[in-house]
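The lines below spell out each chain.
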Amino acid sequence: MKVVHSDANSDLVYDTALVFWKIVTNIFFREIRPRGAFNIPREGPVIFVAAPHNNQFLDPLLLYQQVHKETGRHVRSLIAAKSMKRKVVGFFAKLMASIPVVRAADDAKPGTGEITISEEDPCLIIGHGTRFTSEFSPKMQIMLPKNVGYSVAEVVEVISDTQLRIRKEFSGTARLREKIKELQASGQQGFSYKRLPFVDQHEMYQHVYQSLTDGGAICIFPEGGSHDRTDLLPLKAGVSLMALGAMANNPDLRVKIVPVGLSYFHAHRFRSRAVIEFGSPLDVPPEFVEMFKQGGEKKREAVGKFLDVIYDALKTVTLRAPDYDTLMLIQAARRLYKTPGQHLTLGQVVELNKRFLQGYLHFKDEPKVQKLREDVLKYNRLLRDLGLRDHQVPMAQKAGWKTFGLLSYRLILLTVWTVLALPGVILNGPIFVTASVISRKKAKEALAASEVKIAGRDVLATWKILVALGVTPVLYSFYALIATLVAIKAGVPFKWRIWTPFIVLMVLPMIGYAALKFGEAGMDVLKSLRPLVVALIPGQQRSLDKLKQMREDVANELAEVINEFGPKIFEDFDQMRILVPSATAPPSSGQPGIWRRKTSTGGVDAQGNLLSHPMTWLDERLFGWSRSASRGTSAWAGGSRSQEISRAATPDVSDEEDEPDYDNLIVPSAADSHSSLAARPRSQRSSYADVTRLRRSSSAANANPLAFTPASPPTAVVATGEQAGPDADGLHFRGQTRARKESLTDDVPVEIIGKVDREEPFEEATHDLNTEMRKRKSSQSRPE
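Residues numbered from 1 in each chain as written. Predicted model: local features only at pLDDT ≥ 70, side-chain atom pairs only at ≥ 80, totals over all residues. Heavy atoms only, no water.

J.: Sorry if this is basic, but what is going on with the packing of helix H7 (residues 202-213) against helix H8 (residues 238-249) here?
T.: For the pair H7 and H8, interaxial distance at closest approach is 9 Å and the crossing angle is 60 degrees. Classed by the angle they form, the pair H7 and H8 counts as oblique. For the pair H7 and H8, the sense of crossing is right-handed. Residues Met204, Tyr205, Val208, Tyr209 and Leu212 of H7 lie in contact with H8, whose contacting residues are Gly238, Leu241, Met242, Gly245, Ala246 and Asn249. Classifying every residue of the contact of H7 with H8 by side-chain character gives 8 nonpolar, 3 polar and no charged. (Axes fitted to C-alpha atoms, helices over the stretch in contact; angles between N-to-C directions. Helix = DSSP H or I, 4+ residues; strand = E, 2+ residues; numbered from the N terminus. Parallel < 35°, antiparallel > 145°, perpendicular 65-115°, else oblique. Left-handed = near helix turned anticlockwise from the far one by under 90°. Contact = heavy atoms within 4.5 Å. Nonpolar A, V, L, I, M, F, W, Y, C, P; charged D, E, K, R; others polar.)

So, in structure tokens, the structure goes:
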């Protein structure tokens, strides 16, 4: 197994490759946002444990970029040896110093004959027409077919050509025996099977141990392969073995585990969005390391327990819905919960989704929650019937001549953006078509070969990028050749014939980028047309009024349910709210906005300044038509005046997951003495030093809406986000940690619990027992 080692030359290669992939990912994704980047250790051995693995080879690239941006560290990831054999993937994986992992399943081969399970002994495998003695040896594995879940078992003894013994029986043995009877009834003798070779991972683990000993950073996706499910797959024990094994080999080593959550908004789509959330670093418990050193059953127990700790840490940074319908319900409820006119960062959208999901799964059997679910789904159906999006509903007013004027203007603007984008779309059309066709084909292949994938969407984005990287140079070279031939045929001077292909190759990327930006602006306009058309259709006003009233009722019902059940989960519910909802609140506050949009695709900032494209600015000034037009008035809001730029009227808002850029940190108001930090570029504002500076300065300024407290590790700072009340927009900022109601620790002896006074309140008894256990642990850990 060949592994690329780190030195000065490989560091330069790594940095160069990272710059290349940063350009590629920034083209593919419209926005990539980090959360909790201050949790990334600046030095020392660290293992980044990332999940869910929903975007194949793009997942590690996004993690590399965020870690390098924040700390300058190089991260090496574990990658399947099978992927390393692919020309393109293997080439770039070697540049990034990836560590190959040989998987037995990648070298699986069909076995001869068919097999059944002994009726007397579930660990005894009976062969029919098999050749076990020549095809199997101890430590190899036998794998059942896909229709019974690819069950795998290790071979411990080969008895004869028709009998072998496995270490542990297959999972679901009773179900397997029923399936065997069905097969025998249809004329077959048993299951087909595959034989998996024994793989010695000793060398791979040694490379990992050495990297950690050298103070390096490792990235691992403990689910194994990529998938497109809404929940996490069972974690593999490799990450636990690596951390415990490295510390067992070197007593002076202190490995940290950083959980990383990857959240995508339509991961497989071009110009989608991603949020990478870094959780608080975990220390490896010394008692687990001691158990690991003992080997045998104690070693397995330590690995299992530490894997549970890692799994619990991943749950704090990932959105884990049991199915797609639940995820859609949660996102719909979150949109209804937000007050019209308020706009959250992508990180806050992810955080609200996690809180909503946690609360829903806990209280989903409550009658009020079930009724709310039905009402939300009913509202969604009516929304789809009218072809509207939720954010377009609150500001919908009775159609008038302003509405018709706004529709006409936007149709003209759509034509302009289309004309400007058309050349690039035509020239780059073959790239999009080829990438789409091949990626869908690869998704079908991946789906057919996998048990865990649902639609194979996790490979779409990767193959779109790989195909585009291969097709683009060929296509552009073809265009350069055509242009050169045209220049020769036209009889242009020899000097320009020579320069023609170079000029074409330089201009084509510019045309493509222009088409990308103009196309995005055009799509924003196109999405805004539907509600205007609906408003102008005779007879639709009654449906719009009904929809608005339904939204208001459901939003208020949702707020009541959250206010009732929220405090039952978290003691600090009121202090840690992200926002206080109101279904009919106006979308303005008169303040120079800490939650205002700062867009890369267009719009106006909090002070009304023109940004990337003039669409919002023109909308407000041409169709505000009131004395407050200089500050901005929504044409959808009728004749009502606004104290700040309206948001509902801008067409570049399709939903939180489809919106343009947002600030990823609350910006202090203009009156704040620390506003200089907010005025700096985002890349500088998000640095560790500035977050620390803001934490320290905020403790001396009561007006500052941020409050930071240091975590136990000296290299981590956790934002608690506590504040006395809502800000001017009715929003509350929160950080990462939450005060969950205290529960009994899992190491309290039964005899101590039996001595508790049954008349003592449960909360007080729990607190007393936990305090007693902490004192015991503290006294035991002190040196003699």
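Having seen it, we continue.
J.: Is there a simple way to explain the nonpolar core in this structure?
T.: One broad trend across soluble globular proteins is that nonpolar side chains are buried collectively. Counting residues in each nonpolar core, the largest one holds 43 residues, and the members touching the most others are Phe356, Val376, Tyr379, Leu388, Leu547 and Leu558. Of all elements in the fold, only helix H11 (324-337), helix H12 (346-363), helix H13 (367-386), helix H16 (494-536) and helix H17 (541-569) reach the threshold of two or more residues within this core. In terms of residue count, H17 provides more of this core than any other element does, 9 residues in total. Dropping the residues within four chain positions of it, Leu558 is found in contact with Ala333, Leu336, Tyr337, Phe356 and Leu372. Judged by nonpolar contacts, the second largest core, of 37 residues, contains Ala51, Leu78, Ile99 and Leu314. (Core = buried A, V, L, I, M, F, W, Y, C linked by side-chain atoms within 4.5 Å. Buried < 20%, exposed > 50% of the residue type's maximum accessible area, 1.4 Å probe, protein only.)

J.: Mind showing me how you'd approach the packing of H12 against H17 here?
T.: Each packed pair of helices is defined by two parameters, the angle between the axes and the distance between the axes. Contact geometry for H12 and H17: axes closest at 11 Å, N-to-C directions at 80 degrees. By the angle between their axes, H12 is roughly perpendicular relative to H17. Side by side, H12 and H17 meet where Phe356, Gly359, His362 and Phe363 of the first sit next to Leu558, Ile562, Phe565, Lys568 and Ile569 of the second. Here the residues of the contact of H12 with H17 are counted per class, giving 6 nonpolar, 2 polar and 1 charged.

J.: How do you make sense of the packing of aromatic side chains when you look at a structure like this?
T.: The geometry of an aromatic ring pair is captured by two quantities: the separation of the ring centres and the angle between the planes. According to the stated counting rule, one finds 20 aromatic pairs in the structure shown. Ring geometry for Trp417 against Phe518: centres 5.6 Å apart, planes inclined by 20 degrees, an arrangement best described as stacked. Highlighted residues: Trp417 in helix H14 (residues 401-448) and Phe518 in helix H16, separated in sequence by 101 residues. An aromatic cluster of three or more residues is present, and its members are Phe28, Phe29, Tyr264, Phe270 and Phe432. If you follow Lys442 out to its NZ or CZ, it ends over the ring of Trp463, 4.7 Å from the centre. (Phe/Tyr/Trp six-rings, centres within 6.5 Å; stacked < 30°, edge-to-face > 60°. Lys NZ or Arg CZ within 6 Å of the ring centre and 35° of its normal.)

J.: When you look at the side chain of Glu31 in this model, what are you seeing that I'm missing?
T.: If you trace the backbone, Glu31 turns up in strand E1 (residues 29-35). Classification of Glu31 as buried rests on a relative accessible area of 4%. Looking at Glu31, its side chain comes within polar contact range of the side chain of Arg273, at 3.1 Å. (Polar contact = N/O pair within 3.5 Å; in protein donor to acceptor, adjacent residues only side chain to side chain.)

J.: Just to check I follow, could you spell out unusual backbone geometry for this structure?
T.: The bulk of non-glycine residues show a negative phi, and the bulk of peptide bonds are trans. Pro52 follows Ala51 through a cis peptide bond whose omega is -10 degrees. Within the fold, Pro52 resides in the loop between strand E2 (46-51) and helix H2 (58-71). Notably, Ala97 is not glycine yet its phi reads approximately 60 degrees, a positive angle. Within the element layout of this structure, Ala97 appears in the loop between helix H4 (87-95) and strand E4 (99-101). Of the residues examined, Ala97 reaches a relative accessible area of 10% and is grouped as buried.

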